[in-house]
Amino acid sequence: MTDQVVLGIDVGGTSFKGAVIDETGRTLIAGSIATEGAQGEDAFAILERFVIGMMAQAAAQGLKPAACGLISPGMDERTGHVMFSSNLSWRDFPIGPRLTASLGLPVLPGHDVRTAGLAEAQLGAAKGFADSAMVMIGTGIAAALVTGGQAISGAAQMACELGHIPVYPGGEACACGQFGCLEAYASAASIARRYRAAGGKQALTAADIAMRLDSDPLAAKIWNEAVQALAISLVTVTLLLDPAVIVIGGGLAEADEVLLAPLRVALQQRLAWRAAPPIVRSELGSRGALLGAAILAFRSLGLANAASGWQSGG
Ligand SMILES: [Zn+2]
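Residues numbered from 1 in each chain as written. Predicted model: local features only at pLDDT ≥ 70, side-chain atom pairs only at ≥ 80, totals over all residues. Heavy atoms only, no water.

### Here we look at the sheet that holds strand β10 (residues 141-147)
Taken in spatial order, the 5 strands of this open sheet run β11-β10-β9-β12-β13, and their pairing is mixed. Edge strands, defined here as strands with exactly one partner in the open sheet, are β11 (150-151) and β13 (279-281). Two strands pair when backbone bridges link them, and strand β9 (residues 131-137) and strand β12 (residues 245-249) are joined in this way by 5 bridges, in the parallel orientation. Following the sheet pairing, A133 is matched in β12 by I246. Running at roughly 155 degrees to β9, helix α7 (residues 217-241) makes contact with β9, β10, β12 and β13 of the sheet. On the sheet, helix α8 (residues 257-270) packs against β9, β12 and β13 and is oriented at approximately 165 degrees with respect to β13. (Pairing = 2+ DSSP bridges. Helix = DSSP H or I, 4+ residues; strand = E, 2+ residues; numbered from the N terminus. Contact = heavy atoms within 4.5 Å. Axes fitted to C-alpha atoms, helices over the stretch in contact; angles between N-to-C directions.)

### Let's talk about the coordination of the zinc ion
Within the protein, the atoms that donate to the zinc ion are H164 (ND1), C174 (SG), C176 (SG) and C181 (SG), at distances of 2.0 to 2.4 Å. For the zinc ion, the 4 donor atoms in the first shell make angles of 105 to 123 degrees at the metal, so the coordination geometry reads as tetrahedral. For the zinc ion, the donor residues sit on a single chain with the sequence spacing H-x9-C-x1-C-x4-C. Classification of C174 by relative accessible area gives buried; the value is 10%. (Donors = N, O, S within 2.8 Å, 3.2 Å for Na, K, Ca; no water. Tetrahedral: all angles 85-135°; square planar, octahedral: opposite > 155°, others 65-115°. Buried < 20%, exposed > 50% of the residue type's maximum accessible area, 1.4 Å probe, protein only.)

### Description of the layout of surface pockets
If you add up the space inside the second largest pocket, you get close to 220 Å³. At 3 residues, helix α3 (residues 112-123) tops the list of elements feeding residues into the lining of the second largest pocket. Along the lines of polarity and charge, the residues of the lining of the second largest pocket split into 7 nonpolar, 6 polar and 2 charged. Counting residues domain by domain, the lining of the second largest pocket receives three or more from each of domain 1 (5-115 + 286-309) and domain 2 (128-281). (1 Å grid on protein atoms, 1.4 Å probe; cavity = no way out; pocket = protein on both sides within 12 Å on 5 of 7 lines; lining within 4 Å. Points joined across faces, edges and corners; volume = space filled by probe spheres on them. Nonpolar A, V, L, I, M, F, W, Y, C, P; charged D, E, K, R; others polar. Domains from an automatic or database assignment.)

### Regarding the domain arrangement of the chain
Domain annotation of the chain identifies domain 1 (5-115 + 286-309) and domain 2 (128-281). Centre-to-centre separation of domain 1 and domain 2, based on C-alpha positions: 28 Å. If you look at the interface, domain 1 gives 7 residues, while domain 2 gives 13 residues. Taken together, the two surfaces of domain 1 and domain 2 that pack against each other cover about 790 Å², and 47% of this comes from carbon and sulfur. Area buried by domain 1 at its contact with domain 2 is led by R78, V113 and R114, which between them contribute 74% of it. Seen at the junction of domain 1 and domain 2, the total is 0 salt bridges. At the junction of domain 1 and domain 2, the tally comes to 4 residue pairs in polar contact (both at pLDDT 80 or more). Grouping the amino acids of the side of domain 1 that touches domain 2 by side-chain chemistry returns 2 nonpolar, no polar and 5 charged. (Buried area = accessible area lost by both parts, 1.4 Å probe. Salt bridge = Lys/Arg side-chain N within 4 Å of Asp/Glu carboxyl O. Polar contact = N/O pair within 3.5 Å; in protein donor to acceptor, adjacent residues only side chain to side chain.)

### Observations concerning α3
In a regular helix each residue adds 1.5 Å, so 12 residues correspond to 16 Å; α3 covers 16 Å between its end C-alpha atoms and thus fits that length. With 11 of 12 residues buried, α3 lies mostly within the body of the structure. Turning to α3, its buried residues number three or more, namely V113, R114, T115, A116, G117, L118, A119, E120, A121, Q122 and L123. (Expected span 1.5 Å × (residues − 1).)

### Focus on the pairing of β10
Among the 7 residues of β10, 6 are classified as buried, and the element is accordingly described as predominantly covered. Judged from the 7 bridges that link them, β9 and β10 form a sheet pairing that is antiparallel. When the bridges of β10 are listed, I137 appears paired with I141. For β10 and β11, the ladder comprises 2 bridges, and the chain directions are antiparallel. Looking across to β11, one finds that T147 is bridged to Q150. Linking two consecutive strands that pair antiparallel, namely β10 and β11, is a turn of 2 residues; a positive phi of about 60 degrees is found at G148 within it.

### Describing the packing of aromatic side chains
By the definition in use, this model includes 4 aromatic pairs. Relative to F93, the ring of W90 has its centre 4.7 Å away and its plane inclined at 10 degrees; by these criteria the two rings are stacked. You'll find W90 and F93 in the same group, each marked buried. Judged by centre distance (5.0 Å) and plane angle (75 degrees), the rings of Y168 and Y185 are edge-to-face. Within this pair, whereas Y168 is found in the loop between β11 and α4 (183-186), its partner Y185 is found in helix α4, the two being separated by 17 residues in sequence. (Phe/Tyr/Trp six-rings, centres within 6.5 Å; stacked < 30°, edge-to-face > 60°.)

### A few points about the environment of I152
Within the secondary structure, I152 sits in the loop between β11 and α4. With a relative accessible area of 34%, I152 lands in the partly exposed category. Separated by 58 residues in sequence, I152 and P94 place their C-alpha atoms 22 Å apart. Among all residues touching I152, those that are not within four sequence positions of it are R114, L145, T147, A159 and C160.

### Remarks on the pairing of strand β4 (residues 68-72)
In terms of residue burial, β4 counts as a mostly covered element, since 5 of its 5 residues are buried. Both faces of β4 are covered, namely the face carrying C68, L70 and S72 and the face carrying G69 and I71. Note that strand β1 (residues 5-11) and β4 share 4 bridges and pair parallel. Each residue of the ladder has a partner; that of G8, found in β4, is G69. Bridging between β4 and strand β8 (residues 107-111) involves 5 bridges; their strand directions are parallel. Its bridge partner lying in β8, I71 is registered against G110.

Next up, the structure:
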């Protein structure tokens, strides 16, 4: 049975992505559009035109999406409001209700990292495990803790802000206003900033720094400090949730074993009395959010296990 299709929409800070996905997990139509710096109502107008355009493309192929999964950072999954987006200048912005009105079909809101974690648990690197953790390391750091097929969202939809759990109390200032947060040491942006602040001669990205660990002692030092800070956070994750696997995603995951191998060692060294869970790289990568959006939409149609047979490569 492959007649049901859904629309997945991924609202990023600089671009919007969409896909029409069928019950077997196949992407039938895909598209994206750059926001080109649009903010506020202008940004919403671009999003609305983009989504209506995706629906028109679907109709031209005889497809009629039955629901829309809508993913964004800062999403309140209860209301469909984006609580805060600095790139799009949205504050408590009701994109879910407004798209429901303009599309005339159910819109299921999802938080970007939690939905990506759910997708990894359903069909990616954490498939088959009831309890898993996903840590997204990019410009910032956030996590998803998935248990019993649900990503924990919290009473105020603010769960799993791993990047802002202090690893060194009273440590370096974080952009959030606290001190010693994980994000201040281990996000891609912080690794680059700390390398420069420590006397690095060039403005290197975290990816550049990861490539010169053998030849540049300062790069190796800053990288190791990021790994140690991450390991401290993963001790907390391990002891709090007891995940079967920890999945690492986001831009920094592209460093692959340069990050994961020392992280596995550091985590085990810091866990005195229990074995560390495996640490693996995300299988779905940047497609995780859209696939997660489709999973949310299929669940709303009563197809709770729609993704159980999907292939992560599809
Ligand atoms: Zn912080």
